[in-house]
Amino acid sequence: MTRAALALGANLGDPRQTLRGAVAGLVAHVGVRLEAVSSLWRTAAVGGPEQPDYLNAVVTVDSDLEARALLDLAHELEGAAGRVRDVRWGPRTLDVDLLAVGDQRSDDPQLTLPHPRAHERRFVLEPWAEVDPGFVLSPRTGPQRTVAEWAASITDQQVERVEGGSWWR
(Lines give C-alpha, C1' and ligand atoms only; values in the text may rest on other atoms or scores of the structure.)
Protein backbone atom coordinates (compact mmCIF):
# COMPACT_ATOMS: atom_id res chain seq x y z
CA MET A 1 0.00 0.00 0.00
CA THR A 2 1.11 3.54 -0.72
CA ARG A 3 0.38 6.65 1.34
CA ALA A 4 -1.51 9.31 -0.57
CA ALA A 5 -2.68 12.78 0.40
CA LEU A 6 -5.83 14.41 -0.94
CA ALA A 7 -7.05 17.97 -0.43
CA LEU A 8 -10.78 18.56 0.00
CA GLY A 9 -12.49 21.91 -0.46
CA ALA A 10 -16.04 23.20 -0.84
CA ASN A 11 -17.80 26.56 -0.79
CA LEU A 12 -21.29 25.94 -2.21
CA GLY A 13 -24.32 24.31 -0.64
CA ASP A 14 -23.49 22.79 2.76
CA PRO A 15 -19.68 22.53 2.55
CA ARG A 16 -19.24 20.71 5.88
CA GLN A 17 -21.75 18.02 4.90
CA THR A 18 -20.27 17.73 1.42
CA LEU A 19 -16.78 17.25 2.85
CA ARG A 20 -18.14 14.61 5.25
CA GLY A 21 -19.61 12.81 2.26
CA ALA A 22 -16.25 12.92 0.46
CA VAL A 23 -14.47 11.36 3.44
CA ALA A 24 -17.21 8.70 3.65
CA GLY A 25 -16.77 7.99 -0.05
CA LEU A 26 -13.05 7.48 0.41
CA VAL A 27 -13.58 5.23 3.43
CA ALA A 28 -16.13 3.11 1.56
CA HIS A 29 -13.90 2.50 -1.45
CA VAL A 30 -12.21 -0.89 -1.77
CA GLY A 31 -8.45 -0.47 -1.85
CA VAL A 32 -8.44 2.70 0.24
CA ARG A 33 -7.78 2.75 3.99
CA LEU A 34 -8.25 6.04 5.80
CA GLU A 35 -5.18 7.04 7.73
CA ALA A 36 -5.95 10.57 8.99
CA VAL A 37 -8.29 13.53 8.51
CA SER A 38 -7.17 17.07 9.33
CA SER A 39 -9.12 19.73 11.11
CA LEU A 40 -11.51 21.81 9.06
CA TRP A 41 -10.06 25.13 7.87
CA ARG A 42 -11.76 28.24 6.46
CA THR A 43 -10.03 30.28 3.76
CA ALA A 44 -10.87 32.97 1.28
CA ALA A 45 -11.04 31.85 -2.33
CA VAL A 46 -7.77 32.16 -4.26
CA GLY A 47 -8.11 33.46 -7.81
CA GLY A 48 -11.25 33.31 -9.89
CA PRO A 49 -14.45 35.31 -9.45
CA GLU A 50 -15.71 36.68 -6.15
CA GLN A 51 -17.18 33.81 -4.15
CA PRO A 52 -17.84 32.50 -0.64
CA ASP A 53 -15.04 31.32 1.64
CA TYR A 54 -13.99 27.69 1.40
CA LEU A 55 -13.89 24.96 3.99
CA ASN A 56 -10.78 22.82 3.45
CA ALA A 57 -9.24 19.66 4.84
CA VAL A 58 -6.57 17.15 3.92
CA VAL A 59 -7.01 13.41 4.11
CA THR A 60 -4.25 10.82 4.08
CA VAL A 61 -4.99 7.30 2.97
CA ASP A 62 -3.10 4.11 2.40
CA SER A 63 -4.10 2.61 -0.92
CA ASP A 64 -3.24 -0.15 -3.32
CA LEU A 65 -4.84 1.85 -6.15
CA GLU A 66 -2.67 3.34 -8.87
CA ALA A 67 -2.44 7.14 -8.89
CA ARG A 68 -4.73 7.36 -11.95
CA ALA A 69 -7.37 5.27 -10.15
CA LEU A 70 -7.16 7.58 -7.12
CA LEU A 71 -7.64 10.56 -9.42
CA ASP A 72 -10.66 8.84 -11.01
CA LEU A 73 -12.06 8.26 -7.51
CA ALA A 74 -11.56 11.96 -6.71
CA HIS A 75 -13.50 12.89 -9.85
CA GLU A 76 -16.27 10.41 -8.96
CA LEU A 77 -16.62 12.01 -5.52
CA GLU A 78 -16.79 15.46 -7.11
CA GLY A 79 -19.44 14.28 -9.56
CA ALA A 80 -21.51 12.71 -6.80
CA ALA A 81 -21.45 16.08 -5.03
CA GLY A 82 -22.72 17.86 -8.14
CA ARG A 83 -19.44 19.46 -9.18
CA VAL A 84 -19.70 21.41 -12.43
CA ARG A 85 -16.49 22.54 -14.15
CA ASP A 86 -17.57 25.66 -15.98
CA VAL A 87 -15.47 28.48 -14.44
CA ARG A 88 -11.76 27.98 -13.71
CA TRP A 89 -11.15 28.59 -10.00
CA GLY A 90 -14.85 29.27 -9.60
CA PRO A 91 -17.06 28.25 -6.69
CA ARG A 92 -17.68 24.55 -6.30
CA THR A 93 -19.68 22.05 -4.36
CA LEU A 94 -16.57 19.87 -3.97
CA ASP A 95 -12.96 19.98 -5.08
CA VAL A 96 -10.76 16.93 -4.48
CA ASP A 97 -7.11 17.31 -5.44
CA LEU A 98 -4.60 14.50 -5.38
CA LEU A 99 -1.61 16.10 -3.65
CA ALA A 100 0.85 13.23 -3.55
CA VAL A 101 1.01 9.48 -3.96
CA GLY A 102 4.09 8.30 -2.10
CA ASP A 103 7.12 9.77 -3.83
CA GLN A 104 5.67 9.32 -7.33
CA ARG A 105 6.27 12.03 -9.90
CA SER A 106 4.15 12.63 -12.95
CA ASP A 107 4.20 15.37 -15.57
CA ASP A 108 0.98 14.22 -17.21
CA PRO A 109 -1.21 17.35 -17.58
CA GLN A 110 -4.16 15.35 -16.23
CA LEU A 111 -2.19 13.96 -13.26
CA THR A 112 0.72 16.10 -12.12
CA LEU A 113 2.42 14.70 -9.01
CA PRO A 114 3.14 16.09 -6.61
CA HIS A 115 0.42 18.70 -7.03
CA PRO A 116 2.16 21.60 -8.80
CA ARG A 117 0.87 24.36 -6.50
CA ALA A 118 0.52 22.58 -3.15
CA HIS A 119 3.71 24.14 -1.79
CA GLU A 120 2.32 27.64 -2.50
CA ARG A 121 -1.06 27.24 -0.79
CA ARG A 122 -1.35 27.61 2.94
CA PHE A 123 -4.94 26.29 2.84
CA VAL A 124 -3.45 22.98 1.68
CA LEU A 125 -0.27 23.01 3.75
CA GLU A 126 -1.74 23.78 7.20
CA PRO A 127 -4.19 20.86 7.20
CA TRP A 128 -1.61 18.60 5.53
CA ALA A 129 0.94 19.49 8.20
CA GLU A 130 -1.58 18.37 10.84
CA VAL A 131 -1.85 14.86 9.44
CA ASP A 132 1.59 14.26 7.87
CA PRO A 133 4.02 17.04 8.87
CA GLY A 134 7.13 15.09 7.90
CA PHE A 135 6.09 14.31 4.34
CA VAL A 136 8.86 15.60 2.08
CA LEU A 137 7.39 17.72 -0.69
CA SER A 138 9.66 18.21 -3.69
CA PRO A 139 8.00 20.63 -6.10
CA ARG A 140 9.43 21.25 -9.53
CA THR A 141 10.21 24.82 -8.47
CA GLY A 142 11.71 25.46 -5.07
CA PRO A 143 13.64 23.44 -2.54
CA GLN A 144 12.75 20.09 -1.02
CA ARG A 145 11.09 20.63 2.38
CA THR A 146 8.69 18.88 4.70
CA VAL A 147 5.05 19.88 4.52
CA ALA A 148 5.41 21.50 7.96
CA GLU A 149 8.37 23.57 6.73
CA TRP A 150 6.47 24.67 3.64
CA ALA A 151 3.48 25.63 5.82
CA ALA A 152 5.67 27.73 8.12
CA SER A 153 7.22 29.50 5.13
CA ILE A 154 3.92 31.01 3.94
CA THR A 155 2.91 33.97 6.05
CA ASP A 156 0.95 36.13 3.61
CA GLN A 157 -2.14 33.87 3.31
CA GLN A 158 -4.81 33.78 6.00
CA VAL A 159 -6.34 30.48 7.12
CA GLU A 160 -8.54 29.81 10.13
CA ARG A 161 -8.95 26.47 11.88
CA VAL A 162 -12.68 26.17 12.54
CA GLU A 163 -13.18 22.64 13.84
CA GLY A 164 -10.99 19.83 15.14
CA GLY A 165 -10.22 16.52 13.49
CA SER A 166 -13.48 14.75 14.39
CA TRP A 167 -15.70 17.01 12.24
CA TRP A 168 -16.12 14.31 9.60
CA ARG A 169 -17.66 11.62 11.85
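Quantities reported herein were computed from a predicted structural model and do not represent experimental measurements. (Residues numbered from 1 in each chain as written. Predicted model: local features only at pLDDT ≥ 70, side-chain atom pairs only at ≥ 80, totals over all residues. Heavy atoms only, no water.)

Topic: the overall build of the protein
Consideration 1: Along the backbone of the protein there are four helices and 10 strands.
Consideration 2: The order of helices and strands in the protein, counted from the N terminus, is β-α-β-β-β-α-β-β-β-α-β-β-α-β.
Consideration 3: For 169 residues, the compact-globule formula gives about 15 Å, and the C-alpha radius of gyration of the protein, at 15 Å, lands near that figure.
Consideration 4: When the backbone C-alpha atoms are referred to their principal axes, the protein occupies close to 40 × 35 × 30 Å.
Consideration 5: When each of the 169 residues of the protein is scored for burial, the buried share is 49%.
Consideration 6: Considering only intrachain contacts with a sequence separation of at least 6, the fraction spanning at least 24 residues in the protein is 69%.
Consideration 7: Surface summary for the protein: the accessible area is close to 8,300 Å², and the carbon and sulfur share equals 48%.
Consideration 8: Separation of charge centres in the protein, based on 18 positive and 24 negative side chains, amounts to 2 Å. (Helix = DSSP H or I, 4+ residues; strand = E, 2+ residues; numbered from the N terminus. Rg over C-alpha atoms; globule rule 2.2 N^0.38 Å. Buried < 20%, exposed > 50% of the residue type's maximum accessible area, 1.4 Å probe, protein only. Contact = heavy atoms within 4.5 Å. Areas by Shrake-Rupley, 256 points an atom, 1.4 Å probe, with all protein chains shown as cover. Lys, Arg positive; Asp, Glu negative; His and termini not counted. Charge placed at Lys NZ, Arg CZ, Asp CG, Glu CD.)

Points about the environment of L8
Consideration 1: Considering the arrangement of structural elements, one finds L8 in strand β1 (residues 2-10).
Consideration 2: Exposure remark for L8: the relative accessible area of 2% places this residue in the buried category.
Consideration 3: Expressed as a C-alpha distance, the spacing of L8 and R33, which sit 25 residues apart in the sequence, is 17 Å.
Consideration 4: L8 has contacts with L19, A22, V23, L55, N56, A57, V59, D95 and V96, leaving out every residue within four places of it along the chain.

Description of the pairing of β1
Consideration 1: With respect to burial, β1 is a largely interior element, seven of its nine residues being buried.
Consideration 2: Summarising the sheet, β1 and strand β4 (residues 54-63) pair through nine bridges and their orientation is antiparallel. By the bridge assignment, A7 is partnered in β4 with V58.
Consideration 3: As paired strands, β1 and strand β5 (residues 95-101) are joined by six bridges and run antiparallel to one another. (Pairing = 2+ DSSP bridges.)

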